[in-house]
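Structural features, examined
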Amino acid sequence: MEQKDLDHFRQLLNQMLEEAQQKGDATLDDLTDNSEMFADPADRATAESDRAFTLRIRDRERKLIKKIRSAIARLDEGSFGICDECGEDIGVARLEARPVTKLCINCKSKQEEDERQRAD
């Protein structure tokens, strides 16, 4: 992979990291600022359901932040864009679609097929 591509992905990953952190901070602010009391049990249940949904989204963002930091670390050490399974280069198009990926499209497809077979 050329240096301009690496620079592009570093910039993309840093932007993704900043956005994910901002969303996470906003979510936490919303959750801590909300101190509404509901007299109606249905309203309370709806609020709790919304809160649980928001926490699930926040957990997904936390996991994404971890993956983004891992991808940035791979950039720093020179292993970004190399498949963890087969050691081949991951295509630029795949990295554009999923910059945090560790697997080339062939290895990812094989992994998903294995998961489907185990689920059956």
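Residues numbered from 1 in each chain as written. Predicted model: local features only at pLDDT ≥ 70, side-chain atom pairs only at ≥ 80, totals over all residues. Heavy atoms only, no water.

Regarding helix α2 (residues 41–77)
An α-helix turns once every 3.6 residues. As a result, residues three or four positions apart point the same way. A rise of 1.5 Å per residue sets the reference length of α2, with its 37 residues, at 54 Å; its end C-alpha atoms lie 54 Å apart and thus fit the reference within 8%. For α2, the full list of buried residues reads Arg58, Glu61, Ile65, Ile68, Ala71, Ile72, Arg74 and Leu75. Within two residues after α2, Gly78 carries a phi angle of roughly 90 degrees, on the positive side. (Helix = DSSP H or I, 4+ residues; strand = E, 2+ residues; numbered from the N terminus. Expected span 1.5 Å × (residues − 1). Buried < 20%, exposed > 50% of the residue type's maximum accessible area, 1.4 Å probe, protein only.)

Describing the UniProt feature "binding site: Zn(2+)" (unreviewed entry) in the chain
Per the UniProt record, "binding site: Zn(2+)" (unreviewed entry) is found at Cys83, Cys86, Cys104 and Cys107. In three dimensions, the annotated residues from a span of 25 residues occupy one location, with a maximal C-alpha spread of 8.2 Å. Structurally, Cys86 can be placed in the loop between α2 and α3 (92–97). Relative accessible area serves as the criterion here: at 39%, Cys86 is assigned to the partly exposed category. With respect to the secondary-structure elements, Cys107 resides in helix α4 (residues 105–119). Using a relative accessible area of 16% as the deciding quantity, one classes Cys107 as buried. With residues near it in sequence (within four places) discarded, Cys107 still touches Cys83, Glu85 and Cys86. (UniProt positions renumbered as here; feature names shortened; annotations may be inferred. Contact = heavy atoms within 4.5 Å.)

Digging into the state of the cysteines
Two cysteines joined by a covalent bond between their sulfur atoms form a disulfide. Enumeration according to the criterion identifies zero disulfides in this entry. Between Cys107, a cysteine without a disulfide, and Cys104, which holds the nearest cysteine sulfur, the sulfur-to-sulfur distance is 3.6 Å. (Disulfide = S-S within 2.5 Å.)

Here's the deal with the pattern of salt bridges
By the definition in use, this model includes five salt bridges. In this structure, the salt-bridge partner of Arg62 is Asp59, at a minimum N-O distance of 2.5 Å. Taken together, the residues span about one helical turn, with Arg62 and Asp59 both in helix α2 at a distance of three residues. According to the relative accessible area criterion, Arg62 is partly exposed, its value standing at 45%. Of the charged contacts in the structure, one is a salt bridge between Asp59 and Lys63, with a shortest N-O distance of 3.5 Å. Taken together, the positions of Asp59 and Lys63, both in helix α2 and four residues apart, correspond to about one turn of that helix. Using a relative accessible area of 28% as the deciding quantity, one classes Asp59 as partly exposed. The class for Lys63 is partly exposed, based on a relative accessible area of 45%. (Salt bridge = Lys/Arg side-chain N within 4 Å of Asp/Glu carboxyl O.)

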